[in-house]
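Given next are the chains, with one letter for each unit.
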Amino acid sequence: MAFRLSPHERGFYPLFTRSAENIATAADLLAELVAAAPEERAALAARVKDAEHAGDEVTHEIMVKLNQTFVTPFDREDIYRLASSLDDVLDEMEEAADRIVLYRVSHLPAGIAKQVAVLQRAATATAEAMPKLEKMAKLQEYWIHVNSLEDEADAVYRDLLGDLLAPAEGTTPLDVLTVLKHKEIVEILENAADAFETVANTVESIAVKES
């Protein structure tokens, strides 16, 4: 652990934990939405939106505290990066929920549920990791795990694109508009997986600097 001459503000740690726990809640709601009947999705999307607003509030609290704190627990730039990358995850998940409802997609490819399941696992891992930031302990397992989940998400993404853009012989092709709708949703979910990896990489960078 890096040696510090002055006591530092410890209030950032519970804020990062709140942010990650809120992301886990949003991921579970997104999974419910994907599995729900079309007429039930708008209400679930609204709850994802509420989680996104709650995440924005936590991010704002972190930024205010950052501007008011003289001695931070780790580099100010890293605090900003971590808060921003957590916020990016939530933004991508909320956008996916919004697009599913906005585009009135009645049927979703099965692979989308697989994408969201990977996001749920990444969200759980992130929520479990944030409280460990204070002691910088047992974090390596977290970032390795999330990086492997991102690889898994990439594989699901590639399979989905293949199914959408080059359907197997004998499969009834979807109309072009439906393909475009599905493709955009799939790409947003892939962005969410990438954002989780950015969070993990940021935590790794912080841990290395503080070791």
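All of these numbers come straight from a predicted model, not from anything done at the bench.

**Concerning unusual backbone geometry**
The backbone of R104 sits at a positive phi, close to 50°, despite the residue not being glycine. Structurally, R104 is set in the loop between α3 (76-102) and α4 (110-129). Even without a glycine there, the phi angle at K138 is positive, about 55°. Along the polypeptide, K138 turns up in the loop between α4 and α5 (140-165).

**Topic: the side chain of T17**
For T17, the location among the structural elements is in helix α1 (residues 12-35). Owing to a relative accessible area of 13%, T17 belongs among the buried residues under this scheme. Those residues in contact with T17 that lie beyond four places of it in its chain are M130 and P131.

**Observations concerning the side chain of R99**
Among the structural elements, R99 can be located in helix α3. Under the relative-accessibility criterion, R99 is labelled buried at 19%.

**What to know about the nonpolar core**
F16, L82, M93, M130, L133 and Y142 are the most contacted members of the largest nonpolar core, which totals 72 residues. The element best represented in this core is helix α6 (residues 176-210), accounting for 14 residues. Setting aside its immediate chain neighbours within four residues, Y142 contacts A125, T126, A129, M130, V199, A200 and V203.

Definitions and limits used
- Residues numbered from 1 in each chain as written.
- Predicted model: local features only at pLDDT ≥ 70, side-chain atom pairs only at ≥ 80, totals over all residues.
- Heavy atoms only, no water.
- Helix = DSSP H or I, 4+ residues; strand = E, 2+ residues; numbered from the N terminus.
- Buried < 20%, exposed > 50% of the residue type's maximum accessible area, 1.4 Å probe, protein only.
- Contact = heavy atoms within 4.5 Å.
- Core = buried A, V, L, I, M, F, W, Y, C linked by side-chain atoms within 4.5 Å.

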